[in-house]
Amino acid sequence: MNVADFQKNLIDQIQKKSNVKADDIYKVANSVKSANFQDEATVRGLVKQLAAMAGKPLSQEKEDKIVKAIIGNNMPADMNTLSKLFKN
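Note that the structure is a prediction, hence the values are computed from the model and not measured.

Q: Got a sec to walk through helix H1 (residues 3–18)? Specific residues and values, please.
A: Note that an α-helix has 3.6 residues per turn; residues three or four places apart therefore point the same way. The terminal C-alpha atoms of H1 lie 22 Å apart, and with 16 residues this matches the ideal 22 Å at 1.5 Å per residue to within 8%. Downstream of H1 by one or two residues, Asn 19 has phi in the positive range, about 60°.

Dropping the structure here:
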């Protein structure tokens, strides 16, 4: 599978699981290309934006946990572990 096919497959999976449109996914991806992921305000804003796009409630505790993981570069390497982070 080439990179373009992988990206399309990933976007398709995200759309199916979250009901977020591909255009919205690309807009967010483009907006974070130069984002400072060590800046808490930037990361927190992105996390809130993604939760709102997906229509998922996000408790303060869960938001803090996700922000801390991103800022500390403790993000999971695989999608299953990342998914669990958002569910817990």
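Q: Lay out the nonpolar core in plain terms, naming residues and giving numbers.
A: Counting five residues, the largest nonpolar core is built from Val 43, Val 47, Ile 66, Val 67 and Ile 70. At the level of elements, helix H3 (40–54) and helix H4 (60–71) are the ones that each hand at least two residues to this core.

Q: So, the pattern of salt bridges: which residues are in play, and what are the values?
A: Inspection of the entire model under this criterion finds four salt bridges. Among the ionic pairs, Glu 40 bridges to Arg 44, the shortest N-O distance being 2.7 Å. Of this pair, Glu 40 and Arg 44 are both found in helix H3, four residues apart, which corresponds to roughly one turn of the helix. A relative accessible area of 43% means that Glu 40 is categorised as partly exposed. A relative accessible area of 17% means that Arg 44 is categorised as buried. Beyond isolated ion pairs, a larger network of salt bridges with shared partners links Glu 40, Arg 44, Lys 48, Glu 63 and Asp 64.

Q: Now, about the environment of Phe 37: what can you tell me, with residues and values included?
A: In this fold, Phe 37 is placed in the loop between helix H2 (22–31) and H3. The sequence separation of Phe 37 and Gly 72 amounts to 35 residues, and the corresponding C-alpha distance is 9.1 Å. Sequence-distant contacts of Phe 37, that is, excluding residues within four places in its chain, are made with Val 32, Val 43, Leu 46, Ile 70 and Ile 71.

Analysis parameters
Residues numbered from 1 in each chain as written. Predicted model: local features only at pLDDT ≥ 70, side-chain atom pairs only at ≥ 80, totals over all residues. Heavy atoms only, no water. Helix = DSSP H or I, 4+ residues; strand = E, 2+ residues; numbered from the N terminus. Expected span 1.5 Å × (residues − 1). Core = buried A, V, L, I, M, F, W, Y, C linked by side-chain atoms within 4.5 Å. Buried < 20%, exposed > 50% of the residue type's maximum accessible area, 1.4 Å probe, protein only. Salt bridge = Lys/Arg side-chain N within 4 Å of Asp/Glu carboxyl O. Contact = heavy atoms within 4.5 Å.

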